[in-house]
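So you can see what is in the structure, the chains are spelled out below.
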Amino acid sequence: MHVRAAVRPAGPSRPCEDFAAALSTGDGGALVVLDGVTPPVGGDGCSHGVPWFVNRLGGALLEATARRPEVPLTECLARAITRVAAAHRATCDLSHPRTPQATVVLARWSERTVEHLVLCDSVLLIRDPEGGVRPVHDARLETCRARARERVAAERVAFLEGLRNAPDGFPTAAADPTVADRALAGTTSRKRVSALAALTDGATRWTDTFALGDWTALFDLLLTGGPERLLEEVRGAEATDPTCRAFPRGKVSDDAAAVLVAP
Ligand SMILES: [Zn+2]
């Protein structure tokens, strides 16, 4: 399997909060894709910043998943969160509800299996040998947004924030390792997997915001043009709608990351 990856910041004015990395070791390997949650204006209790957090967490995750194949991905996530929390517990308020946090996609493949783990709104696509594409997508944030839309406008932001890492809300990888038990995790026979792709929501816009094609079409684009081409097409679509009216979205452009694992 060969790995191709692309990461693009939303623009030149802010550091990128997406992270993508992968290791290929002959017939096996692992990938990590994270999307750091942009901190609020009022601060997040951390003096390091979200880019520091995602780079630390991403590095710890890649090491844990690639070097310890006997450790389940949920345990890899719990260990990596614990390690990063320990690196700034003495200087930062990790109980802050907006302590640096991220969405997570992990995948690890061997000759026999493909393991996956997904948390929050980044997506893993699993392509089967017949060309079918199965998205692994954690819908809890989407469900919470729908619940927020039922409130009066003035209450929506605070209501959604109250659901962040709440028991009935949407989990993200922050400073609490027990969140790993709430991730979507599973294993697929390697025989049923021809290729994999991991995408942050800045890249899944191609399908879920701009409707340029379904997951199968997106995967075909990755296979023919690579992750760079996908991100270029997203930026092109964003440029056609600079006011976000035709295609409603929170930011004109978002950090975007895409990793393709294919023969
Ligand atoms: Zn910190």
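Basis of the calculations
- Residues numbered from 1 in each chain as written.
- Predicted model: local features only at pLDDT ≥ 70, side-chain atom pairs only at ≥ 80, totals over all residues.
- Heavy atoms only, no water.
- Pairing = 2+ DSSP bridges.
- Helix = DSSP H or I, 4+ residues; strand = E, 2+ residues; numbered from the N terminus.
- Axes fitted to C-alpha atoms, helices over the stretch in contact; angles between N-to-C directions.
- Contact = heavy atoms within 4.5 Å.
- Parallel < 35°, antiparallel > 145°, perpendicular 65-115°, else oblique.
- Expected span 1.5 Å × (residues − 1).
- Polar contact = N/O pair within 3.5 Å; in protein donor to acceptor, adjacent residues only side chain to side chain.
- Core = buried A, V, L, I, M, F, W, Y, C linked by side-chain atoms within 4.5 Å.
- Buried < 20%, exposed > 50% of the residue type's maximum accessible area, 1.4 Å probe, protein only.
- Donors = N, O, S within 2.8 Å, 3.2 Å for Na, K, Ca; no water.
- Tetrahedral: all angles 85-135°; square planar, octahedral: opposite > 155°, others 65-115°.
- UniProt positions renumbered as here; feature names shortened; annotations may be inferred.

### Describing the sheet that holds strand 6 (residues 123–127)
- The strand order across the open sheet built from five strands is 1-10-9-6-7, with neighbouring strands paired in antiparallel fashion. Of all strands in the sheet, those bounded by a partner on one side alone are strand 1 (2–8) and strand 7 (133–137). For this sheet, the mean inter-axis angle between neighbouring strands, taken without regard to orientation, is 15 degrees.
- Strand contacts of helix 6 (residues 215–239): strand 1, strand 6, strand 7, strand 9 (195–199) and strand 10 (256–262), with the helix running at about 40 degrees to strand 1, the strand carrying the most contacts.

### Focus: the packing of helix 5 (residues 201–208) against helix 6
- Helix 6 packs onto helix 5 with a crossing angle of 105 degrees between their chain directions and a minimal axis gap of 9 Å. With respect to each other, helix 5 and helix 6 are oriented roughly perpendicular. Taken together, the residues of helix 6 that come into contact with helix 5 (itself represented by Gly-202, Ala-203, Thr-204, Arg-205, Trp-206, Thr-207 and Asp-208) are Trp-215, Ala-217, Leu-218, Leu-221, Leu-230, Leu-231, Glu-233, Val-234 and Glu-238.

### Describing helix 6
- Here helix 6 contains 25 residues, and its C-alpha end-to-end distance of 22 Å is more than 12% below the 36 Å for a straight helix at 1.5 Å per residue.
- With a side-chain oxygen lying 3.2 Å from the backbone nitrogen of Thr-216, the N-terminal cap of helix 6 falls on Asp-214.

### Here's the deal with the nonpolar core
- Membership of the largest hydrophobic core comes to 26 residues, with the highest contact counts inside it found for Leu-34, Leu-57, Leu-61, Leu-77 and Val-104.
- Broken down by secondary-structure element, the contributors of at least two residues to this core are strand 2 (18–25), strand 3 (28–36), helix 1 (50–67), helix 2 (73–88), strand 4 (102–109) and strand 5 (113–119).
- With seven residues, helix 1 is the single largest residue contributor to this core.
- Formed by 21 residues, the second largest nonpolar core is a distinct cluster that contains Ala-6, Ala-195, Leu-230 and Val-234.

### Examining the coordination of the zinc ion
- The zinc ion binds to the protein through Cys-46 (SG), His-48 (ND1), His-88 (ND1) and Cys-92 (SG); the donor distances cover 2.1 to 2.4 Å.
- One way to put it: the four donor atoms around the zinc ion meet at angles of 95 to 117 degrees, and that makes the site tetrahedral.
- All donor residues of the zinc ion come from one chain, and their arrangement in sequence is C-x1-H-x39-H-x3-C. One end of the pair, Cys-46, is in the loop between strand 3 and helix 1; the other, Cys-92, is in the loop between helix 2 and strand 4, and 46 residues separate them in sequence. Like Cys-46, the residue Cys-92 is buried in the burial classification.

### A closer look at the UniProt feature "domain: PPM-type phosphatase" (unreviewed entry) in the chain
- In the UniProt entry, the feature "domain: PPM-type phosphatase" (unreviewed entry) is given for residues 14–141.
- Strand forms 33% of residues 14–141 and helix 28%; the C-alpha atoms that close the span are 24 Å apart.

### Focus: helix 1
- With 18 residues, helix 1 extends 25 Å from end C-alpha to end C-alpha; this agrees with the ideal 26 Å at 1.5 Å per step.
- All of the buried residues along helix 1 are Val-50, Phe-53, Val-54, Leu-57, Gly-58, Ala-60, Leu-61, Leu-62, Ala-64 and Thr-65.

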